[in-house]
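Chain by chain, the residues run as shown.
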Amino acid sequence: MVLTVVIAALAFSTPREIAFSRLLPAAPALAAAMWPVVPTVLLGAFCLLLMIVLSFFYADLGTPYTSAAIIAVTLAAAYGSHVRLQREEALFQIRLVADAAQTVLLRPLPRRIGGVEIESLYLAAQEQARIGGDFYEAIGTPHGVRLLIGDVRGKGLSAVGAAAAVISCFREAAYDEPDLQGIIHRLETSVIRHSAAFPVQDQSEHFATALLAEIPHGGDRLLLLNCGHPPPLIARDGKVRVLEPTIPSPPLNLASLIGDRYWVDMVAFAPGEELLLYTDGVSEARDHTGRFFPLPDWMRRRDREHPRELLDQLHRDLLRHSEGRLEDDIAALALRRTTAQSLGAVGAGD
């Protein structure tokens, strides 16, 4: 509309030799990019009427040719607007499906399980992406609070399918298995079966890193089984512990190549301490010079923040560090022990 008014004003106020009226077909052409069909056609009709009015004042503007151009452009613009609306509707439906799949894959976590506060963060490397290969889960079980976080190698539907297989298996095994070794064996079997059912080009490189954690009922300790995943952090009063595994365990779907020995570490986890689980998209986020995000140092500067506040600040600082250019998906879980748990007996996995 602004363009139409400007062209009309110039056509009336400038010598007819300049013939600004010949620009009128541009208005409905631009309208098709933003407006529905009917408003686009109405704007074209208005431009045609405006051209006819101009012809009463200037007889040699080439009105028939400009009018024909307005009609042709308006019809083409109306069709373009119709096609655009159809594609926008299809994209909207696809996003609804993606959002539903994301909700199933990474369902909202309870903010508190027993004496543990839990918050989550997920960021896709691609701005329009909804789901990816990073995954996490937290479940309250008879054995304690059990946690899973991991990262499937690769991207696309194959990575999403493998992540879904791991999470689905964990949701069952977390209740059934008495220890973390039993859970990881179930996850390994699930990934192997998924890879066999949906083979990829580089089958030997189709694997996932995973970290299992358990906060047993009673006691102030944390059990960890790390399968090639970045080590979690525990922080309190400016002191940070990096929980490297005593003996590395193989990533999922690689046990047949490098052995299936799984080692569980036990560390202290007292009330008031904060635990951060994350994928390598966090620790390997780079700035413009290629420097990694200094996660342990960043964690030391945090001062007894609520898990939600901690992850919100992590989100902002990651985007600031990488200047808004994330090269990998990001997933993180933040937990804080508030009280000693007394919801049940200690599981057999202890």
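Residue indices follow the written sequence of each chain, beginning from 1 at its first position. The predicted nature of this model means local features are confined to residues of pLDDT at least 70 and side-chain atom pairs, given and counted, to a pLDDT of 80 or more, with totals for whole chains, interfaces and linings taken over all residues. Working from all heavy atoms in the structure, the side-chain values ignore hydrogens and water.

> Outline the overall build of the protein, supporting the account with residue identities and numerical values.
Scanning the protein from N- to C-terminus turns up 10 helices and 11 strands. Across the protein, the fraction of contacts at a sequence separation of at least 24, relative to all contacts at a separation of at least 6, is 71%. Here the Shrake-Rupley method, with its probe set to 1.4 Å, supplies the accessible areas, and only the displayed protein chains count as covering residues. Taken as a whole, the protein presents about 17200 Å² of accessible surface, with 60% of it coming from carbon and sulfur. Under the scheme used here, helices are H or I runs from DSSP no shorter than 4 residues and strands are E runs no shorter than 2 residues, and both carry numbers assigned from the N terminus. Contacts: residue pairs with any heavy atoms within 4.5 Å of one another.

> Requested: an account of the sheet that holds strand β10 (residues 274-278), with residues and values cited.
Taking strand neighbours across the sheet as the criterion, the six strands line up as β1-β2-β11-β10-β7-β8 in an open arrangement whose pairing is antiparallel. Whereas interior strands pair on both sides, the edge strands pair on one side only; in this sheet they are β1 (112-113) and β8 (239-242). Examined bridge by bridge, strand β7 (residues 233-236) and β8 share four bridges and lie antiparallel to one another. Paired with L233 across the bridge in β8 is V242. The sheet strands contacting helix α10 (residues 307-321) are β2 (116-123), β10 and β11 (330-337), and the helix crosses β2 at an angle near 20 degrees. Strand pairing requires that DSSP identify at least two bridges connecting the strands. Here an angle of 0 to 180 degrees is reported between the N-to-C directions of two axes, which are lines fitted to C-alpha atoms, with helices fitted over the stretch in contact.

> Give me the lowdown on the pattern of salt bridges, citing residues and values where you can.
Each reported salt bridge corresponds to a side-chain nitrogen of Lys or Arg within 4 Å of a carboxyl oxygen of Asp or Glu. Under the criterion given, the structure shown has 17 salt bridges. A salt bridge links E273 to R241, with the nearest nitrogen and oxygen atoms 3.2 Å apart. Of this pair, E273 sits in the loop between β9 (264-268) and β10 while R241 sits in strand β8, and the two are 32 residues apart along the sequence. Here's how the labels work: a residue is buried when its accessible area is under 20% of the maximum for its type, exposed when over 50%, partly exposed in between, all with a 1.4 Å probe on protein chains only. With a relative accessible area of 30%, R241 lands in the partly exposed category. Members of the salt-bridge network, linked through shared partners, are R111, E119, R308 and D312.

> Describe the packing of aromatic side chains, with residues and values.
Describing an aromatic ring pair means giving the distance of the ring centres and the angle of the ring planes. Here a Phe, Tyr or Trp ring, Trp counted by its six-membered ring, pairs with any other such ring whose centre lies within 6.5 Å, and the pair is stacked when the planes are under 30 degrees apart, edge-to-face when over 60, and tilted otherwise. A full pass over the atoms with the stated rule returns one aromatic pair. Centre to centre, the rings of F293 and W298 are 6.2 Å apart; their planes meet at 50 degrees, and the pair counts as tilted. What makes F293 buried here is its relative accessible area of 7%. The exposure class assigned to W298 is buried, which follows from its relative accessible area of 2%. A cation over a ring is seen here: R302 above W298, with NZ or CZ 4.7 Å from the ring centre. Each ring is checked for a lysine NZ or an arginine CZ that lies within 6 Å of its centre and within 35 degrees of its normal; such an atom marks a charge sitting over the ring.

> Tell me about the side chain of T74, residues and numbers included.
You can see T74 is positioned in helix α4 (residues 63-105). According to the relative accessible area criterion, T74 is buried, its value standing at 7%.

> Just give me the short version of the pairing of strand β6 (residues 221-227), but keep the residues and values in it.
Regular strands place side chains that alternate from one sheet face to the opposite one. Counting buried positions over the seven residues of β6 gives seven, a clear majority of the element. Bridge count for strand β5 (residues 208-216) against β6 is five bridges, and the pairing is antiparallel. Bridge pairing in β6 links A210 to C227.

> Tell me about the sheet that holds β5, and name the residues and values.
Strand order in the open sheet formed by five strands is β3-β4-β5-β6-β9, with antiparallel pairing between adjacent strands. The two strands at the open ends of the sheet, each matched to only one other strand, are β3 (134-141) and β9. Sheet twist, expressed as the mean angle between neighbouring strand axes with direction ignored, is 15 degrees. Two strands pair when backbone bridges link them, and β6 and β9 are joined in this way by five bridges, in the antiparallel orientation. Within β9, the residue paired with R221 across the bridge is A268. In the packing of helix α6 (residues 180-197) onto the sheet, the strands contacted are β4 (144-152), β5, β6 and β9, and the crossing angle to β6 comes to about 30 degrees.

> An account of unusual backbone geometry is needed here, citing residue identities and associated values.
Despite not being glycine, D237 has its phi angle at roughly 55 degrees, a positive value. In this model, N253 sits at a positive phi of 80 degrees, which is unusual for a non-glycine residue. Along the chain, the position of N253 falls in the loop between β8 and α7 (255-258). Accessibility expressed as a relative area gives 13% for N253, which makes it buried.

> Explain α10 residue by residue, including any values.
For a helix, the expected span equals 1.5 Å multiplied by the number of residues minus one. Over its 15 residues, α10 extends 21 Å from the first C-alpha to the last, a length consistent with the 21 Å expected when each residue adds 1.5 Å. If you check which residues of α10 are buried, you get P307, L310, L311, Q313, L314, D317, L318 and H321. When α10 is viewed along its axis, its buried side chains cluster within an angular range of 160 degrees and face the same direction. The inward-facing, buried residues of α10 abut β2, β10, α8 (280-283), α9 (295-300) and β11. Directions from the helix axis toward the C-beta atoms define the arc.

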